[in-house]
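# Notes for the structure review
Given next are the chains, with one letter for each unit.
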Amino acid sequence: MNAIAWISGAVAVLATLLAVTRRRAIHCLLYLILSLLAVAVLFSTLGAPLAAALEVIVYAGAIMVLFLFALMLLDLRAPGQEEGAGGGRSLVPWLGAGILGAVLLAEMLYVLLRAPGGGPAQVAPAEVGAALFGPYLLAVELASFLLLVGLVGAFHLGRPEPKGESR
Amino acid sequence: MSALAVGLVTAGTLFVLGLAGVLVRRNTLIMLLSIEVMLNAAGLVFVLAGSRWGQPDGQVMFLLILALAASEVSVGLGLLLQLHRRTGSLDADRASRLKG
């Protein structure tokens, strides 16, 4: 279990390092997704299955798709500050991500096939749910308010500009 | 080293990488991504602590961080779209002459 934690931690650090240093925004995004998946593996080795699932579903799924939508809405090639025009690129960007992803896949297969239910003391999802709706009820309500405020703010900021406004 | 120590080292490194990304990069989208990296590292420490003492509180805090990250990203991306609409690029230095 320790070796798996080591490997996934190393994959997370490497993928994040690549994510903050790549030039093209889409490469950064994909490397960051890889890093989040590695952190999810780390969560699952630490005995936190709910956090691992939420990391994949909410972080790597929802939030990164939001980034992807924003990237698609912005035409980043237009100002000419991003290098390269696409076609005829080398295989190198895919190689790094492919190797790191393959390491994670190998880890997942090993855990599924060889070591079922190992690891440290598990914190079951049921306990987390009981805590959420017991002592943390007020915090959950505040989080829902925060999400509502985020929704309203995003709607207000993303609205198309009225024609008559002077700016 | 136990899995706990590995996780702590990973979280610290991730946080430093995210901080460096915010400070070094000038592309606003990547600065936002680096903030996500830092939030993720903080969540990792919470889950680690919860796993160390076998309590569900760590994962509850991770859930709250998740909600915070989601709302922060939605507002941040809205601001980013506005920046792109007004200055025509995502460069943070282009927004150095904001007024009012």
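Residues numbered from 1 in each chain as written. Chains lettered and ligands numbered in written order. Predicted model: local features only at pLDDT ≥ 70, side-chain atom pairs only at ≥ 80, totals over all residues. Heavy atoms only, no water.

## Some remarks on the overall build of chain B
The line we're drawing: Secondary structure elements are taken from DSSP: a helix is a run of H or I of four residues or more, a strand is a run of E of two residues or more, and numbering for both begins at the N terminus. The size measure is the radius of gyration over C-alpha atoms, and the globule rule it meets is 2.2 Å times the number of residues to the 0.38 power. With a 1.4 Å probe rolled over the protein chains alone, any residue whose accessible area is under 20% of its type maximum counts as buried; one over 50% counts as exposed, and the rest are partly exposed. Only heavy atoms enter the contact rule, under which two residues are in contact if any of them lie within 4.5 Å.
Each helix and strand in chain B was counted, giving three helices and zero strands. Across chain B, helices and strands are ordered from the amino to the carboxyl terminus as α-α-α. Relative to its length of 100 residues, chain B is extended, with a C-alpha radius of gyration of 17 Å against a globular reference of 13 Å. C-alpha atoms of chain B, sized along the principal axes, occupy 50 × 25 × 20 Å. Counting over 100 residues, chain B shows a buried share of 53%. Looking at chain B alone, contacts between residues at least 24 apart form 57% of all its contacts between residues at least 6 apart.

## Here's the deal with the environment of Gly61 of chain A
All names here are of chain A. Note on placement: Gly61 falls in helix H3 (residues 49-73). Judged by relative accessible area, which is 24%, Gly61 ranks as partly exposed. Residues Gly61 and Leu36, spaced 25 residues apart in sequence, show a C-alpha to C-alpha distance of 9.9 Å.

## As for the side chain of Thr16 of chain A
Put simply, the rule is: Between N or O atoms, a polar contact is any pair within 3.5 Å; within protein, one atom must be a potential hydrogen donor and the other a potential acceptor, and residues adjacent in sequence are included only when both atoms are from side chains.
Relative to the assigned elements, Thr16 of chain A resides in helix H1 (residues 2-21). A polar side-chain atom of Thr16 of chain A sits 3.0 Å from a polar atom in the side chain of Ser35 of chain A. The contacts of Thr16 of chain A, once residues within four sequence positions are left out, are Ser35 of chain A together with Leu14, Leu17 and Val37 of chain B.

## Things to note about the confidence of the model for chain A
Residues and elements named next belong to chain A. To keep things clear, this is the line we draw: For every residue, the predictor states its confidence as a pLDDT score lying anywhere from 0 to 100.
Across chain A, the average pLDDT comes to 81, with 82% of residues at 70 or higher. In the model of chain A, helix H4 (residues 92-114) stands out as the element of lowest mean pLDDT, 79, in contrast to helix H6 (residues 137-158), which has the highest, 92. In this model residues 78-82 is a low-confidence stretch, pLDDT under 50, and it forms nine contacts with partners more than four residues away in sequence or in other chains.

## A look at the packing of aromatic side chains
In this description, a pair of aromatic rings is defined by centroid distance and the angle of the planes. Using the following cut-off: Two aromatic rings from Phe, Tyr or Trp, using only the six-membered ring of Trp, form a pair when their centres are within 6.5 Å; if the ring planes differ by under 30 degrees the pair is stacked, by over 60 it is edge-to-face, and anything between is tilted. Here, a charge over a ring means that NZ of Lys or CZ of Arg falls within 6 Å of the ring centre while also lying within 35 degrees of the ring normal.
Applying the stated criterion across every chain, the model contains one aromatic pair over all chains. Measuring from centroid to centroid gives 5.1 Å for Phe43 of chain A and Phe62 of chain B, while their planes differ by 80°, and the two rings are edge-to-face. Pair noted here: Phe43 of chain A is in helix H2 (residues 25-45) and Phe62 of chain B is in helix H3 (residues 57-87), and the two residues belong to different chains. Its relative accessible area of 1% is what places Phe62 of chain B among the buried residues. Over the face of the ring belonging to Trp53 of chain B we find Arg52 of chain B, whose NZ or CZ atom lies 4.9 Å from the ring centre.

## A word on the pattern of salt bridges
All names here are of chain B. Convention followed: What counts as a salt bridge is simple: a side-chain nitrogen of Lys or Arg found within 4 Å of a carboxyl oxygen of Asp or Glu.
Within this structure, the stated rule accounts for one salt bridge over all chains. When the shortest N-O distance is used, the salt bridge between Asp93 and Arg26 registers 3.6 Å. Note that Asp93 is positioned in the segment after H3 and Arg26 in the loop between helix H1 (3-24) and helix H2 (28-53), a separation of 67 residues in sequence. Take Asp93: its relative accessible area is 47%, and that puts it in the partly exposed class. On the accessibility criterion, Arg26 (32% relative accessible area) is partly exposed.

## Observations concerning empty space enclosed by the protein
Taking a probe equal in size to a water molecule and rolling it over the atoms shows the remaining empty space. The cut-off we apply is this: The method works on a 1 Å grid over the protein atoms by themselves. A cavity is a set of points holding a 1.4 Å probe that cannot get out, a pocket is an open set with protein on both sides within 12 Å along at least five of seven lines, and residues with an atom within 4 Å of a point line them. Grid points are joined across faces, edges and corners, and a volume is the space filled by probe spheres set on the points. Classes in brief: Ala, Val, Leu, Ile, Met, Phe, Trp, Tyr, Cys and Pro nonpolar; Asp, Glu, Lys and Arg charged; the others, Gly included, polar.
Under the criterion given, the structure shown has one cavity of 30 Å³ or more. If you add up the space inside the largest cavity, you get close to 40 Å³. Ala19, Val20, Cys28 and Leu32 of chain A together with Ile30, Leu33, Ser34 and Val37 of chain B are the residues that line the largest cavity. At the level of secondary structure, the elements contributing two or more residues to the lining of the largest cavity comprise H1 and H2 of chain A together with H2 of chain B. Sorting elements by how many residues they give to the lining of the largest cavity places H2 of chain B first, with four residues. For the lining of the largest cavity, a count of residues per class yields seven nonpolar, one polar and no charged.

## Section: the interface of chain B and chain A
For the record, the criterion: Two parts placed together each lose some accessible area under a 1.4 Å probe, and adding up what both lose gives the buried area.
Each side of the interface is counted separately: chain B has 58 residues, and chain A has 60 residues. Around 5100 Å² of area is buried between chain B and chain A when both sides are counted, 75% of it from carbon and sulfur atoms. When the buried area of chain B at its contact with chain A is split by residue, Leu17, Leu33 and Gln59 of chain B rank highest and sum to 11% of it. On inspection of chain B and its partner chain A, the count reaches zero salt bridges. Remark: the boundary between chain B and chain A carries eight residue pairs in polar contact (both at pLDDT 80 or more).

## Structural notes on the packing of H3 of chain A against H3 of chain B
Using the following cut-off: Convention adopted: a line fitted to C-alpha atoms gives each axis, helices being fitted over their contacting stretch, and angles between N-to-C directions are expressed from 0 to 180 degrees. Any angle that is under 35 degrees is reported as roughly parallel, and any over 145 degrees as roughly antiparallel; angles of 65 to 115 degrees are reported as roughly perpendicular and all others as oblique.
At a minimum axis separation of 11 Å, H3 of chain A and H3 of chain B run at an interaxial angle of 0°. In terms of axis orientation, H3 of chain A runs roughly parallel to H3 of chain B. Across the interface between the two elements, Leu50, Ala51, Leu54, Glu55, Val58, Tyr59, Ile63, Leu66, Phe67, Ala70 and Leu73 of chain A from H3 of chain A touch Gln59, Phe62, Leu63, Leu66, Ala69, Ala70, Val73, Ser74, Leu77 and Leu81 of chain B from H3 of chain B. Here the residues of the contact of H3 of chain A with H3 of chain B are counted per class, giving 18 nonpolar, two polar and one charged.

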